[in-house]
Amino acid sequence: MGNGILYGVSVGPGDPELLTLKAARVLARCAVVAAPQTPAGGMLALDIARQAVDLSAKRILPLRFAMSRDAQTREAAHRAAIQALRAELDAGGDVALLNLGDVTVYSSFGRIQGDLVAAGYRVEMIPGVTSFCAAAARLGQPLTGGMKEPLCIVPGRAGSDLLRAPGAKAFLKSGRDLPRLLEDLAQAGLLGRSALVARCGLPGEEVYPDLSLAQPQGDPDYFTTVLVKGEEE
């Protein structure tokens, strides 16, 4: 086994200017850049990184992570990604694996890291700007009030019971579950305290500061973040 290091590089939610200096430095030094690729060939994380760092001399390693709800399909894609990464690391090369948002928050990188570390590989994580922080900044509002207010960060599919919990809430990757989430917010009387940002920092960005006044029409985008303010102090 070689001595290659896998770097999990966070690229942020979409705006290439949110890529950190450390992420840019790691990308500059790694000869191989791995990036998720959709079945249609799209590589969004790579597109973002290319706007911040010159990757023209890098070798790009596409990894076809499956977004399917089928467990066997996801498992097969994961195994293929691990095999491709191990081949590069065993050859002694360092690899930068791009990750939308932050590698520590609802990311497929966590399982990859766990499997490779268990197999004896060295893995390092490069943090980045999260979608919920970027969305709050885009809306021009703080995520929380006073220091005593909790903040719940959950995927969009989280149950409506969470809405009764105290504090502010951030629902991430809410596109698939947005109709149900909006209904739950309406029933809880929280639409006026809720805002939404879809495709934050990306082409086609949509911003809704008050969901009681306006809501997205048509098919919701997967990269949708809904923020719910806590009780006013």
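Quick caveat, the model's predicted, so the values are computed rather than measured.

Draft legend 1. Region of the structure containing the overall build of the protein chain. Within the protein chain, the regular secondary structure consists of six helices and ten strands. The globule rule puts the C-alpha radius of gyration for 233 residues at 17 Å, and the 19 Å found for the protein chain is close to it. For the protein chain, the C-alpha atoms occupy an extent of roughly 55 × 35 × 35 Å along the three principal directions. The 233 residues of the protein chain split such that 44% are buried. Restricting to contacts in the protein chain with at least 6 residues of sequence separation, those with at least 24 account for 68%. Approximately 11700 Å² of the protein chain is accessible, and the part contributed by carbon and sulfur atoms is 52%.

Draft legend 2. Highlighting the sheet that holds strand β4 (residues 95–99). Ordered in space as β3-β2-β4-β1-β5, the five strands form an open sheet in which the pairing is parallel. Only two strands of the sheet have a single partner each, and these edge strands are β3 (59–63) and β5 (122–126). Each adjacent strand pair in this sheet contributes to an overall mean axis angle of 25°, direction not counted. As paired strands, strand β2 (residues 32–36) and β4 are joined by three bridges and run parallel to one another. Within β4, the residue paired with A34 across the bridge is L97. Contacting β1 (5–10), β2, β3 and β4, helix α3 (residues 71–90) runs over the sheet at an angle of about 155° to β3. In this fold helix α4 (residues 109–118) packs onto β1, β4 and β5, with an angle of close to 155° to the strand it touches most, β5.

Draft legend 3. Local environment of the sheet that holds strand β7 (residues 168–172). The strand order across the open sheet built from five strands is β6-β7-β10-β8-β9, with neighbouring strands paired in mixed fashion. If you trace the sheet from one side to the other, it starts and ends with β6 (151–155) and β9 (206–208), each paired once. The sheet shows a mean angle of 10° between the axes of neighbouring strands, direction not considered. Here β6 pairs with β7 via five bridges, running parallel.

Draft legend 4. Expanded view of the pattern of salt bridges. Going through the model one piece at a time under the given rule, you end up with nine salt bridges. The residue R59 makes a salt bridge to E88 at a minimum N-O spacing of 2.7 Å. Pair noted here: R59 is in strand β3 and E88 is in helix α3, with a separation of 29 residues, a long-range link. Classification of R59 as partly exposed rests on a relative accessible area of 45%. Here E205 makes a salt bridge to R138, at a shortest N to O gap of 2.8 Å. With E205 in the loop between β8 (194–198) and β9 and R138 in helix α5 (residues 131–139), this pair connects stretches of sequence that are 67 residues apart. Residue classification places R138 among the partly exposed residues on the basis of a relative accessible area of 42%.

Rules of the game
Residues numbered from 1 in each chain as written. Predicted model: local features only at pLDDT ≥ 70, side-chain atom pairs only at ≥ 80, totals over all residues. Heavy atoms only, no water. Helix = DSSP H or I, 4+ residues; strand = E, 2+ residues; numbered from the N terminus. Rg over C-alpha atoms; globule rule 2.2 N^0.38 Å. Buried < 20%, exposed > 50% of the residue type's maximum accessible area, 1.4 Å probe, protein only. Contact = heavy atoms within 4.5 Å. Areas by Shrake-Rupley, 256 points an atom, 1.4 Å probe, with all protein chains shown as cover. Pairing = 2+ DSSP bridges. Axes fitted to C-alpha atoms, helices over the stretch in contact; angles between N-to-C directions. Salt bridge = Lys/Arg side-chain N within 4 Å of Asp/Glu carboxyl O.

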